[in-house]
Amino acid sequence: MSLNSSTLLNEENSQGLKRNTECLESPELQTPSSFQDNPLQQLQLASQEVLEKAKKSGRSKCPRCSSSRMFYCYTCFVPVETVPTKEIPVVKLPLKIDIIKHPNETDGKSTAVHAKLLAPDDVTIYKYPCIPEYEEKRHEIALIFPGPNSISVKDIAFHLQKYAKKGVCDSDDDCSREPFLKQAKIEPEEEKNLNECISSNRSEGTRLKKIIFIDSTWNQTNKIITDERLQGLLQIELKTRKTCFWRHQKGKPDTYLSTIEAIYYFLVDYHQEILKENYKGQYDNLLFFFSFMYTLIKNAKCCAGKE
């Protein structure tokens, strides 16, 4: 599930990390052995040298609102002046993503902005209650949420097909009639071509085109998930991944993911289970900022003796 998240140097922890700057620059902390338990180290990422340089130079101005930020502005969704846009990877996604952010979710603690920064053409962030109406296209939209009726990624096509079929029956008074193939005698070759056509149309008609993620703490989720505009949408649960998020909520399973983790892992599963293609790191750069922050914060904690 995609909920409460954090940027690396938000206002509440910037001073603590500042005190650890010299420790982080220590050569022994930069050796590969120090990252042997980093679960993100196998990602195929673009060079993070630009982030290393920005870390050393400190906070910088947002080119739009002039606020002081580290790496990027979480209100304008753009990199700061010390992080040239051309050095930030761009990820192309196979479908559109809507992120619904709870109004009380602190901007500086959300990894949702990572998705907007790295896949700007395919990601839209809405602040609740200002969200779209999804009713007319619910047969091509799904919501990531671990509810009692949630399904796995591999079952998406089957369930969307039922949604599409229901939509057809709603506009057809004769849905109970016998299938076309039983109404007339058709030659074998014609039947084969017709079946291929039906299969093609069914596949096109039940293709997932948009996925919705909720960005909030778990305690804030109920207000959004019960909104009438989200009722009736197919719900999908990610059950097999464990979070690496450094601000994981106490008392919650480690399978409750941060927003950017949920987006990334969903897309990896979607690529393999639905698109039926080998995954070769196509979406790894969605964790470009997240993996850098994970390593930096882990090193800071080690230096402080907390791990």
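Bear in mind the structure is a predicted one, so any value in this text is a computation, not a measurement.

Rules of the game
- Residues numbered from 1 in each chain as written.
- Predicted model: local features only at pLDDT ≥ 70, side-chain atom pairs only at ≥ 80, totals over all residues.
- Heavy atoms only, no water.
- Helix = DSSP H or I, 4+ residues; strand = E, 2+ residues; numbered from the N terminus.
- Buried < 20%, exposed > 50% of the residue type's maximum accessible area, 1.4 Å probe, protein only.
- Contact = heavy atoms within 4.5 Å.
- Areas by Shrake-Rupley, 256 points an atom, 1.4 Å probe, with all protein chains shown as cover.
- Pairing = 2+ DSSP bridges.
- Axes fitted to C-alpha atoms, helices over the stretch in contact; angles between N-to-C directions.
- Salt bridge = Lys/Arg side-chain N within 4 Å of Asp/Glu carboxyl O.
- Expected span 1.5 Å × (residues − 1).
- Arc of directions from axis to C-beta.
- Phe/Tyr/Trp six-rings, centres within 6.5 Å; stacked < 30°, edge-to-face > 60°.
- Lys NZ or Arg CZ within 6 Å of the ring centre and 35° of its normal.
- pLDDT = per-residue confidence, 0-100.
- Parallel < 35°, antiparallel > 145°, perpendicular 65-115°, else oblique.
- Left-handed = near helix turned anticlockwise from the far one by under 90°.
- Nonpolar A, V, L, I, M, F, W, Y, C, P; charged D, E, K, R; others polar.
- Patch = residues over 30% accessible without salt bridge, like charges linked within 9 Å, V, L, I, M, F, W, Y side chains within 5 Å.
- Lys, Arg positive; Asp, Glu negative; His and termini not counted.
- Charge placed at Lys NZ, Arg CZ, Asp CG, Glu CD.

1. Focus on the overall build of the protein
Inference 1: Along the backbone of the protein there are nine helices and nine strands.
Inference 2: For the protein, the proportion of its 307 residues judged to be buried stands at 48%.
Inference 3: For the protein, the proportion of contacts with a sequence separation of at least 24, taken over those separated by at least 6, is 76%.
Inference 4: Accessible area of the protein: about 16500 Å², with a carbon and sulfur share of 47%.

2. Focus: the sheet that holds strand β6 (residues 123–127)
Inference 1: One open sheet accounts for five strands, arranged β6-β5-β8-β7-β9; its pairing is parallel. At either end of the open sheet lies a strand with only one pairing partner, and these are β6 and β9 (234–236). The mean angle between the axes of side-by-side strands here comes to 25°, regardless of whether they run parallel or antiparallel.
Inference 2: By the bridge criterion, five bridges tie strand β5 (residues 96–101) to β6 in an arrangement that is parallel. Within β6, the position partnered with Ile-99 by the bridge is Ile-125.
Inference 3: Against the sheet, helix α8 (residues 259–273) makes contact with β5, β7 (141–144), β8 (210–215) and β9, and its axis sits at roughly 155° relative to β8, the strand it touches most.

3. Structural notes on the pattern of salt bridges
Inference 1: The final tally for this structure, using the stated rule, is ten salt bridges.
Inference 2: Notably, a salt bridge pairs Glu-49 with Lys-53, separated by 3.6 Å at the nearest N-O pair. Separated by four residues within a single helix, Glu-49 and Lys-53 lie in helix α3 (residues 49–57), roughly one turn from each other.
Inference 3: Taking relative accessible area as the criterion, Glu-49 reaches 46% and is therefore assigned partly exposed.
Inference 4: Across the pair Lys-101 and Asp-107 runs a salt bridge whose closest N-O atoms are separated by 2.7 Å.
Inference 5: Residue Lys-101 is classed as buried on the basis of its relative accessible area of 7%.
Inference 6: Here Asp-107 falls in the partly exposed class, since its relative accessible area comes to 24%.

4. Quick look at helix α9 (residues 288–303)
Inference 1: Counted at 1.5 Å a residue, the expected span for α9 with its 16 residues is 22 Å, and the 23 Å between its end C-alpha atoms agrees.
Inference 2: Two residues or fewer after α9 comes Gly-305, characterised by a positive phi angle close to 80°.

5. A closer look at α3
Quick reminder: α-helices carry 3.6 residues per turn. Residues three or four places apart thus point the same way.
Inference 1: Residues Val-50, Leu-51, Ala-54 and Lys-55 constitute the buried set of α3. One side of α3 carries all its buried residues, which in axial view fall inside an arc of 140°. Along α3, the residues that are exposed and aim more than 90 degrees away from the buried face are Lys-53 and Lys-56.
Inference 2: Against α9 lie the buried residues of α3.
Inference 3: Following α3 by one or two positions, Gly-58 adopts a phi angle in the positive range, close to 85°.

6. Points about the packing of aromatic side chains
Inference 1: All told, the structure shown has seven aromatic pairs when counted by the stated rule.
Inference 2: The interplanar angle of 80° and the centroid separation of 5.3 Å between the aromatic rings of Phe-288 and Phe-289 together place this pair among those described as edge-to-face.
Inference 3: By relative accessible area, Phe-288 is classed as buried at 0%.
Inference 4: We classify Phe-289 as buried; its relative accessible area is 1%.
Inference 5: The structure contains a cluster of three or more aromatic residues connected by ring pairs, namely Tyr-72, Phe-288 and Phe-289.
Inference 6: The residue whose ring lies beneath Arg-69 is Tyr-74, and the NZ or CZ to ring-centre distance is 4.1 Å.

7. A short note on the confidence of the model for the protein
Inference 1: On average, residues of the protein score 78 in pLDDT, and 70% of them are at 70 or above.
Inference 2: Across residues 1–36, confidence stays below pLDDT 50; counting only partners more than four residues off in sequence or on other chains, it has 99 contacts.
Inference 3: Across residues 193–205, where pLDDT falls below 50, the model places seven contacts with residues more than four positions away in sequence or in other chains.

8. What about the environment of Ser-291?
Inference 1: By secondary structure assignment, the location of Ser-291 is in helix α9.
Inference 2: In contact with Ser-291, other than residues within four places in its own chain, are Leu-40, Leu-43, Leu-45 and Gln-48.

9. Section: the packing of α3 against α9
Inference 1: Contact geometry of α3 with α9 gives a least axis separation of 11 Å together with a crossing angle of 50°. The pairing of α3 with α9 is recorded here as oblique in orientation. Crossing hand, α3 versus α9: right-handed. Across the interface between the two elements, Val-50, Leu-51, Glu-52 and Lys-55 of α3 pack against Phe-288, Phe-289, Phe-292 and Leu-296 of α9.
Inference 2: Split by residue class, the contact of α3 with α9 holds six nonpolar, no polar and two charged.

10. Some points on a negative patch on the surface
Inference 1: The grouping of Glu-133, Glu-135, Glu-136 and Glu-228 at the surface amounts to a negative patch.
Inference 2: Here Glu-133 shows up in the loop between β6 and β7.
Inference 3: Owing to a relative accessible area of 64%, Glu-133 belongs among the exposed residues under this scheme.

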